[in-house]
Amino acid sequence: MSERDDVLRELRARARYYASLSSLGVPAAWTESLVPEPPAPAASRPPALAASTRRAAAPSAPPAPQSLLGAAPPPPDAPDLNGLDAPQALQAVRDWIGDCQRCKLAAGRKSIVFGQGHPQARLMFVGEAPGADEDVQGLAFVGRAGQLLTDIIEKGLKLPRAEVYICNVIKCRPPGNRNPEPDEILACQPFLERQILSVRPRLIVGLGKFACQFLLKTAEPITRLRGKMGSYLGIDVMPTYHPAYLLRNPGAKRDVWEDMKVVLQRLRD
Ligand code: SF4
């Protein structure tokens, strides 16, 4: 199977995912028709060659994503991250975002909440979108839900919060904390993809339904996704509940702890 076929297959999967959001108006037939069906894989051909990556994986290093397969095609103005170390790559992504006006969320935001943490973190947390506190402070996961996330990281995983990387799928606050809409996801997702490829964590924890559905390209409910390891751009993904949900449903903390035990084990492997 050629790399082009792989890309087409990934694009079809992506189209199906966005079509699954079509209660907001994206017809499945329309999205799928944009992407031609790739030919069936030929068993005798070698697997697709990976695109070059910024650095080779050391034996003890996390498996680096080998290409942008699964990532949206980069917009023409996307920065070239090749040759940059993680802090430089993250800065290039932030510079690329600039004073972004690429979707309608720009009009109501106070801050672009890029995300923060260790640029070479082995563990990354991805939530949905900034809330009111995050919008004011310009930081991801502050406020009560942020404090609970800190507890999960520091009391549960026994890691300093500064050693992980935390961000959201969407960088600007949706009005009234509504769910992001498909056009907003499409506009913002290249930033998250390149953020992830800059940090290249060993594992991503998806926080809540929206982030988990985005990362795993599925419309399955979080109750079915939670606790089942998946992957995004070749990186392990553990879907779990959002801290804001845990504030409303403290009994679900037990489930999150079970998920964090798997995360800890995977980080030790
Ligand atoms: S949500 Fe993303 S795409 Fe939309 S304005 Fe903010 S940074 Fe730009």
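Quick word on the overall build of the chain
And step 1. Check the secondary structure of the chain and you find 10 helices and six strands.
And step 2. Counting every position in the chain, which comprises 269 residues, the buried fraction comes to 35%.
And step 3. Sequence separation of at least 24 residues holds for 70% of the intrachain contacts in the chain that already meet a minimum separation of 6.

What to know about the site of the ligand
And step 1. Taken together, 13 residues lie around the ligand, and Cys100, Cys103, Cys172, Ala187 and Cys188 are the ones closest in.
And step 2. Broken down by element, the residue count for the shell around the ligand peaks at three residues, all from helix 6 (residues 182-199).
And step 3. Of the residues contributing to the shell around the ligand, the split by class is 10 nonpolar, no polar and three charged.

Regarding helix 5 (residues 143-156)
And step 1. With 14 residues, helix 5 should cover 20 Å at 1.5 Å per step; its first-to-last C-alpha distance of 19 Å lies within 8% of that length.
And step 2. Among all positions of helix 5, only Ala145, Gly146, Leu148, Leu149, Ile152 and Ile153 are buried. The arc enclosing the buried residues of helix 5, seen along the axis, measures out at 160°, which places them on a common side. Those residues of helix 5 that are exposed and angled more than 90 degrees off the buried face are Arg144 and Lys155.
And step 3. Packed against the buried residues of helix 5 are strand 2 (123-127), helix 9 (243-248) and helix 10 (253-268).

Section: the confidence of the model for the chain
And step 1. On average, the chain scores 82 in pLDDT, and the residues at 70 or more come to 73%.
And step 2. This stretch, residues 22-68, has a pLDDT under 50; its non-local contacts, to residues over four places away or in other chains, come to 60 contacts.

Remarks on the pairing of strand 2
And step 1. In terms of residue burial, strand 2 counts as a mostly covered element, since five of its five residues are buried.
And step 2. Side-chain alternation along strand 2 places Leu123, Phe125 and Gly127 on one buried face and Met124 and Val126 on a second face that is also buried.
And step 3. Of the strand pairs in this sheet, strand 2 and strand 3 (residues 165-168) are connected by four bridges, and their pairing is parallel. Looking across to strand 3, one finds that Gly127 is bridged to Asn168.

Looking at the nonpolar core
And step 1. One finds Met124, Val126, Val169 and Ile204 to be the most contacted residues of the largest nonpolar core, which totals 55 residues.
And step 2. Once you skip the residues sitting within four places of it in the chain, Val126 turns out to touch Cys167, Asn168, Val169, Ile204, Gly206, Leu207, Ala211 and Leu215.

With respect to the sheet that holds strand 2
And step 1. The six strands are arranged 1-3-2-4-6-5 in an open sheet whose pairing can be described as mixed. Since the sheet does not close on itself, it has two edges, and those belong to strand 1 (116-117) and strand 5 (230-232), each with one partner.
And step 2. As paired elements, strand 4 (residues 203-207) and strand 6 (residues 235-240) share five bridges and run parallel to each other. The residue of strand 6 that forms the bridge with Val205 is Met238.
And step 3. Helix 7 (residues 208-216) contacts strand 2, strand 4, strand 5 and strand 6 of the sheet and is inclined by roughly 135° relative to strand 4.

Side note on the environment of Gln195
And step 1. Relative to the helices and strands, Gln195 is located in helix 6.
And step 2. Sequence separation of Gln195 and Pro119 is 76 residues, and the distance between their C-alpha atoms is 9.4 Å.
And step 3. Excluding residues that lie within four positions of it along the chain, Gln195 makes contacts with Leu90, Val93, Gly115 and Cys167.

Points about the packing of helix 3 (residues 86-97) against helix 6
And step 1. For the pair helix 3 and helix 6, the least separation of the axes is 8 Å and the interaxial angle reads 170°. Classified by the angle their axes make, helix 3 and helix 6 are roughly antiparallel. You can see that helix 3 and helix 6 cross each other, and the crossing is left-handed. Each of Ala86, Ala89, Leu90, Val93 and Ile97 in helix 3 lies in contact with helix 6, whose residues at this interface are Phe191, Arg194, Gln195, Ser198 and Val199.
And step 2. Split into classes, the residues belonging to the contact of helix 3 with helix 6 amount to seven nonpolar, two polar and one charged.

Cut-off values and rules
- Residues numbered from 1 in each chain as written.
- Predicted model: local features only at pLDDT ≥ 70, side-chain atom pairs only at ≥ 80, totals over all residues.
- Helix = DSSP H or I, 4+ residues; strand = E, 2+ residues; numbered from the N terminus.
- Buried ≥ 20, exposed ≤ 12 C-beta atoms within 10 Å, placed from the backbone.
- Contact = placed C-beta atoms within 7 Å.
- Near = placed C-beta within 6 Å.
- Nonpolar A, V, L, I, M, F, W, Y, C, P; charged D, E, K, R; others polar.
- Expected span 1.5 Å × (residues − 1).
- Arc of directions from axis to C-beta.
- pLDDT = per-residue confidence, 0-100.
- Pairing = 2+ DSSP bridges.
- Core = buried A, V, L, I, M, F, W, Y, C linked by C-beta atoms within 7 Å.
- Axes fitted to C-alpha atoms, helices over the stretch in contact; angles between N-to-C directions.
- Parallel < 35°, antiparallel > 145°, perpendicular 65-115°, else oblique.
- Left-handed = near helix turned anticlockwise from the far one by under 90°.

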